[in-house]
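# Remarks on the overall topology
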Amino acid sequence: MRIGLLTSGGDCPGLNAVIRGAVLRGFAAGDHSFVGFLGGWRGATTGEHVVLDRPRIRGIAKHGGTILGSTRFNPFDNGGIERVRSNFAALGVDALIAIGGEGTLAAAQRLADGGIRIVGVPKTIDNDLNGTDYTFGFDTAVQIATEAMDRLRTTGDSHGRCMVAEVMGRHAGWIALHSGMAAGAHAILIPERRTTMTEITAWITDARARGKAPLVVVAEGFIPDQADDPHSERGLDAFGRPRLGGIGERLAPLIEAATGIETRATTLGHIQRGGTPSAFDRVLATRMGMAATEAVLRGDTGRMISLRGTELTTVPFAEALDELKTVPAERYAEAEVLFG
Ligand code: F6P
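The structure presented is a predicted model; accordingly, all values stated were derived computationally and were not measured.

Moving on: helix α4 (residues 80-91). For α4, built from 12 residues, the straight-helix expectation of 16 Å at 1.5 Å per residue is met to within 8% by its first-to-last C-alpha distance of 17 Å. Buried within α4 we find Gly80, Ile81, Val84, Asn87, Phe88 and Leu91. Around the axis of α4, the buried residues are gathered within 130 degrees of arc, so they sit on the same side. Those residues of α4 that are exposed and angled more than 90 degrees off the buried face are Ala89 and Ala90. Against β1 (2-7), β2 (33-37), α2 (41-46), β3 (49-51), β4 (95-100) and α5 (102-113) lie the buried residues of α4. Just downstream of α4 lies glycine 92, where phi reads positive at about 70 degrees.

Taken together, the neighbourhood of the ligand is formed by Arg72, Ile125, Asp126, Met168, Gly169, Arg170, Glu220, His270 and Arg273. The contact in question runs from an oxygen atom of the ligand to an N or O atom on the side chain of aspartate 126, over 2.9 Å. With the chains in place, 79% of the 400 Å² that the ligand exposes on its own is no longer accessible. Residue classes in the shell around the ligand are distributed as 2 nonpolar, 2 polar and 5 charged.

Here the protein is described as being made up of domain 1 (2-137 + 277-321) and domain 2 (138-272). Each side of the interface is counted separately: domain 1 has 16 residues, and domain 2 has 17 residues. Contact between domain 1 and domain 2 buries roughly 1300 Å² in total, counting both sides, with carbon and sulfur atoms accounting for 58%. Of all residues in domain 1, Arg72, Ile125 and Asp126 bury the most surface against domain 2, accounting for 45% of the area lost on that side. Counting the contacts that link domain 1 with domain 2 gives 0 salt bridges. Run the count over domain 1 and domain 2 and you get 9 residue pairs in polar contact (both at pLDDT 80 or more). Looking at side-chain class alone, the side of domain 1 that touches domain 2 contains 6 nonpolar, 6 polar and 4 charged residues.

Across the sheet, which stays open at both edges, the 7 strands sit in the order β3-β2-β1-β4-β5-β12-β13 with mixed pairing between neighbours. If you trace the sheet from one side to the other, it starts and ends with β3 and β13 (311-316), each paired once. The average angle at which neighbouring strand axes cross in this sheet is 30 degrees, direction not considered. Strand direction decides the pairing type here: β4 and strand β5 (residues 118-122), joined by 5 bridges, are parallel. For leucine 96, the partnering residue across the bridge sits in β5 and is isoleucine 118. Docked against the sheet, helix α1 (residues 15-29) engages β1, β2, β4 and β5, running at close to 175 degrees with respect to β1.

Basis of the calculations
- Residues numbered from 1 in each chain as written.
- Predicted model: local features only at pLDDT ≥ 70, side-chain atom pairs only at ≥ 80, totals over all residues.
- Heavy atoms only, no water.
- Helix = DSSP H or I, 4+ residues; strand = E, 2+ residues; numbered from the N terminus.
- Expected span 1.5 Å × (residues − 1).
- Buried < 20%, exposed > 50% of the residue type's maximum accessible area, 1.4 Å probe, protein only.
- Arc of directions from axis to C-beta.
- Contact = heavy atoms within 4.5 Å.
- Near = heavy atom within 4 Å.
- Polar contact = N/O pair within 3.5 Å; in protein donor to acceptor, adjacent residues only side chain to side chain.
- Areas by Shrake-Rupley, 256 points an atom, 1.4 Å probe, with all protein chains shown as cover.
- Nonpolar A, V, L, I, M, F, W, Y, C, P; charged D, E, K, R; others polar.
- Domains from an automatic or database assignment.
- Buried area = accessible area lost by both parts, 1.4 Å probe.
- Salt bridge = Lys/Arg side-chain N within 4 Å of Asp/Glu carboxyl O.
- Pairing = 2+ DSSP bridges.
- Axes fitted to C-alpha atoms, helices over the stretch in contact; angles between N-to-C directions.

If you want it as structure tokens, here you go:
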């Protein structure tokens, strides 16, 4: 068979490991070949591609980013299924492995409904896709954020300051919850939990009363007191979603005014998505890539690869798309025991 691959949406550490795993699994299974479409769905609709032979994928599992490039291009605004179909026919592509998040998988489902053979591989550092226990990239993002917070704590301690660390997490606070717990944060603020300034102030002053330099972790999608939406000051992205970021800087002066403690904010931003993937993510991503090729070869298409415990399986796209996997109230309550 000839199998196409694409990486689409925001990038994520581990994308290259998926590509390598998928291709090597195919080479091991028989006389199969692979092409990589460039720039996500853009390549699938314009036909821009590279042949994924052995030299091209050698040694890439440890590299961040994606050798295929990624965009938030929407195939249905740009010729849609007919252009994809005609490019596949011209290149002799029989099936596609689409590696991406919510938007990518939604497009994959529509193309699968239109008769194109597709397997999805779930990807997001936010870990907010349903239908899989974990997405690759999340572990790396948590590791990067935790290391940054450990550093913020030592400088906070030196100056007796309150440090606010802003992490990614548009709809779900998984990165904030895990990195905040790992770093011993005194408060964690996530999109799923409305938290008042009074609660935040109490946690910070409790920590200060014990001689600590308070650390507050806030997810970019946190909705502050008396606001209806997350903080956004940079317009919309290509999918028409508000670009988030800046809530940490907004909270810092409010915290300083409420507590009297000098406060500084740091936004980690895309540092969480860049660089080399953790060993856990390399292994998970490689296994997901291999599982995707196996699914294509046995005709199990129109589905997404899913991690259940330690085993990989496939689930319908709808399982990932019907609702997001947000932080349950009991997981937040568990972390809250450690606040203050
Ligand atoms: O979806 C993953 C994510 O990292 C979100 O947490 C964040 O809001 C968004 O991507 C940022 O995307 P961009 O790369 O377009 O700024």
